[in-house]
Number of protein chains: 2
Amino acid sequence: MAVYGGIEAGGTKFLCMVAGGPQDIRAETRFPTTEPDATLARAIGFFHAWRQAARQPLAALGIGSFGPLDLNPASPTYGHITSTPKPGWAHVDIAGKLRAALQIPVTLDTDVNAAAVAEYRWGASQGLDSSIYFTIGTGIGAGVIIDGQPMHGLLHPEMGHIRIPHDRQADPFPGVCPFHGDCFEGLASGNALRLRWGQPAEQLPPGHPAWELEAGYIALALVNQVCSLSPKRIILGGGVMQQADLLPLVRQKTLRLLNNYVQSPTITAGIETYIVSPLLGNRSGVLGAIALAQSILDC
Amino acid sequence: MAVYGGIEAGGTKFLCMVAGGPQDIRAETRFPTTEPDATLARAIGFFHAWRQAARQPLAALGIGSFGPLDLNPASPTYGHITSTPKPGWAHVDIAGKLRAALQIPVTLDTDVNAAAVAEYRWGASQGLDSSIYFTIGTGIGAGVIIDGQPMHGLLHPEMGHIRIPHDRQADPFPGVCPFHGDCFEGLASGNALRLRWGQPAEQLPPGHPAWELEAGYIALALVNQVCSLSPKRIILGGGVMQQADLLPLVRQKTLRLLNNYVQSPTITAGIETYIVSPLLGNRSGVLGAIALAQSILDC
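What counts and how
Residues numbered from 1 in each chain as written. Chains lettered and ligands numbered in written order. Predicted model: local features only at pLDDT ≥ 70, side-chain atom pairs only at ≥ 80, totals over all residues. Heavy atoms only, no water. Helix = DSSP H or I, 4+ residues; strand = E, 2+ residues; numbered from the N terminus. Rg over C-alpha atoms; globule rule 2.2 N^0.38 Å. Buried < 20%, exposed > 50% of the residue type's maximum accessible area, 1.4 Å probe, protein only. Areas by Shrake-Rupley, 256 points an atom, 1.4 Å probe, with all protein chains shown as cover. Lys, Arg positive; Asp, Glu negative; His and termini not counted. Charge placed at Lys NZ, Arg CZ, Asp CG, Glu CD. Pairing = 2+ DSSP bridges. Least-squares fit on C-alpha atoms with pLDDT ≥ 70 in both. Contact = heavy atoms within 4.5 Å. Buried area = accessible area lost by both parts, 1.4 Å probe. Salt bridge = Lys/Arg side-chain N within 4 Å of Asp/Glu carboxyl O. Polar contact = N/O pair within 3.5 Å; in protein donor to acceptor, adjacent residues only side chain to side chain. Nonpolar A, V, L, I, M, F, W, Y, C, P; charged D, E, K, R; others polar. Axes fitted to C-alpha atoms, helices over the stretch in contact; angles between N-to-C directions. Parallel < 35°, antiparallel > 145°, perpendicular 65-115°, else oblique.

**Brief notes about the overall build of chain A**
Here is step 1: Secondary structure assignment for chain A yields ten helices and ten strands.
Here is step 2: For chain A, whose C-alpha radius of gyration is 19 Å, the value lies close to the compact-globule estimate of 19 Å for 299 residues.
Here is step 3: Counting across all 299 residues of chain A, residues that qualify as buried make up 61%.
Here is step 4: Surface summary for chain A: the accessible area is close to 11400 Å², and the carbon and sulfur share equals 52%.
Here is step 5: Here chain A contributes 20 positive and 23 negative side-chain charges, whose respective centroids are spaced 4 Å apart.

See the structure below:
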């Protein structure tokens, strides 16, 4: 059975995995994302070492990366990170560097599209041809499955950057997005929570007013997607969602904002199975990278 | 060559057409949307009369209807209008009534998905596998093409009902949506313009402050879709877009709001070909209904 390499290239950490699937994980490592050359060298070293020790090839490598990415195969900068504010990483040819070093087929998608693919293949949205996977962590992003495939369109979704209502009297915090100020990510990311409240999200206790406000912003973003992509399920992952009170609040506020306009029992009578946690936990992204690698050979 | 029936069932008027395609229009009529039985009887009468006069069958009927609609083929209320606030039309089995009366295959989609299909097949988004068609008229809606097909997901897009920032100091108008108040449609539809400014959109002169405000709301909605669906082109149709100053303002404000975050030359260097008017004008919807009817027989 073929074995694949997968990388979840996140803005704060890299996860690397060798696996045939979620039931066949051969090796795994994680390390912080520092500057590009050192970080990619560490990933390359992990896969080299595994091949040497196992005396076995990797059939392909999948990468789920933070972005924005150039995913247009016809573009001269295909496989590059583009305009990220992350120091040093703008315009890095992440797919090209890994292909050159490992000499195997490499495919790239966003970290969140990878997670959406993994949850569709093996997790919380299995069998549903349309779904959205949100990660609400340091930053905010989302991957989209339509007709069983990750959606790209012109580029790929950048759902952290949608604009949502922001009541500056109730919440005078100006937002942290360097491009847009108070977009969704600017208001509701882990970074925003840390700066608004002076402590990281994981230290804000249940019942803290942060969570009502946070749930309201997430619900606004979800309502906008129910009215735009009309997904069959929404998965909410990422560090901020670890606060157990948050998911029920988001469900409640989403229903209240929709106000019975979208009359589908899937939503109105089943909100607990409509807005859910990932089943693959914090491995959604790296397992999605494995699934992307598999899909190269399926083509 | 086969000839099809098409109906654009709009909230204010019905357009009925018999055609083989946009170059082969055999008959057309339009009349106001009144109560359901009388309106559908008038449409049925038009097609009956054409068949009798032409001594020719209609191969199929396509309907592009206002909504929300139940488009789930597995649902007992498939083909019905669902929760519309339009008096008398909630829960009308529009596809079933027309199928029973005309005894031909009938297919139904939203009026805006139909328009998106027509512009994809014959108009402004021809050859682009991903696009959005907005109608900004009495109400606001949008149809979406992904991989060359109208997108449905759980239901279908209801993009008029996304929430966007609303600065109540600059614009104290509370919005007109009976479900959501100041959602996009509540703030920016023709109805909203009429009530905010005390005169219909078509009577507001160029240079009136209404247009700057309107362009800002439309740009917010477009930015949200660039960050969500990432379409390859956005088409803006509907009565409100008839004001010639509006489209250039929308393009300008969309670029300003994106603030170079989404680095695609398609947008940054080509906004005039990225956000465009429909090529089929006010026939997009009914021609889309013809295209939907054709697609039944392609299956």
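So, next bit.
**A look at the sheet that holds strand β6 (residues 130-136) of chain A**
Here is step 1: Spatial ordering of the open sheet is given by β8-β7-β6-β9-β10 (chain A), a layout of five strands whose pairing is mixed. Strands at the two margins of the open sheet, each flanked by one partner only, are β8 (149-150) and β10 (275-276) of chain A.

**Details of the relation of the copies chain A and chain B**
Here is step 1: Overlaying chain A on chain B yields an RMSD of 0.0 Å, the required transformation being a rotation through 180° with an accompanying axial translation of 0.0 Å. Look at the turn and shift together and you get a two-fold axis relating the two. Measuring from the rotation axis to each C-alpha of chain A, the shortest distance belongs to A:P165, at 1.9 Å.
Here is step 2: Both copies contact each other with a shared surface, as 100% of the interface residues of chain A are interface residues in chain B too.

**Some thoughts on the interface of chain A and chain B**
Interfaces are frequently sized by the accessible area removed from exposure as the parts join.
Here is step 1: At the interface, 43 residues of chain A touch 43 residues of chain B.
Here is step 2: Taken as a group, A:L154, A:R163 and A:Y261 account for 23% of the area that chain A buries against chain B, more than any other trio of residues on that side.
Here is step 3: At the junction of chain A and chain B, the tally comes to zero salt bridges.
Here is step 4: Between the two partners, chain A and chain B, sit 26 residue pairs in polar contact (both at pLDDT 80 or more).
Here is step 5: Secondary-structure elements contributing two or more residues to the side of chain A that touches chain B are α6 (209-226), α7 (246-258) and α8 (265-268) of chain A.
Here is step 6: Broken down by element, the side of chain A that touches chain B gets its largest block of residues, four residues, from α6(A).
Here is step 7: Classifying every residue of the side of chain A that touches chain B gives 22 nonpolar, 18 polar and three charged.

**Describing the packing of helix α3 (residues 111-122) of chain A against helix α10 (residues 284-298) of chain A**
Residues and elements named next belong to chain A.
Here is step 1: Close contact between α3 and α10 brings their axes to 7 Å; oriented N to C, the two are set at 80°. In terms of orientation, α3 lies roughly perpendicular with respect to α10. On the side of α3, the interface is formed by D111, A114, A115, V117, A118, E119, R121 and W122, while α10 contributes S284, G285, L287, G288, A289, A291, L292 and Q294.

**Topic: unusual backbone geometry**
Here is step 1: The omega torsion of the bond from A:G67 to A:P68 falls at 0°, within 30 degrees of zero and hence cis.
Here is step 2: Tracing the backbone through its elements, the reader meets A:P68 in the loop between β4 (61-65) and α2 (94-102).
Here is step 3: With phi around 55°, B:Q103 is a residue other than glycine that occupies positive phi space.
Here is step 4: With respect to the helices, strands and loops of the structure, B:Q103 is situated in the loop between α2 (94-102) and β5 (106-110).
Here is step 5: With a phi angle near 50°, B:N259 is a residue other than glycine that sits in the positive phi range.
Here is step 6: Position of B:N259 relative to the elements: it lies in the loop between α7 (246-258) and α8 (265-268).
Here is step 7: The partly exposed category is assigned to B:N259, whose relative accessible area is 36%.

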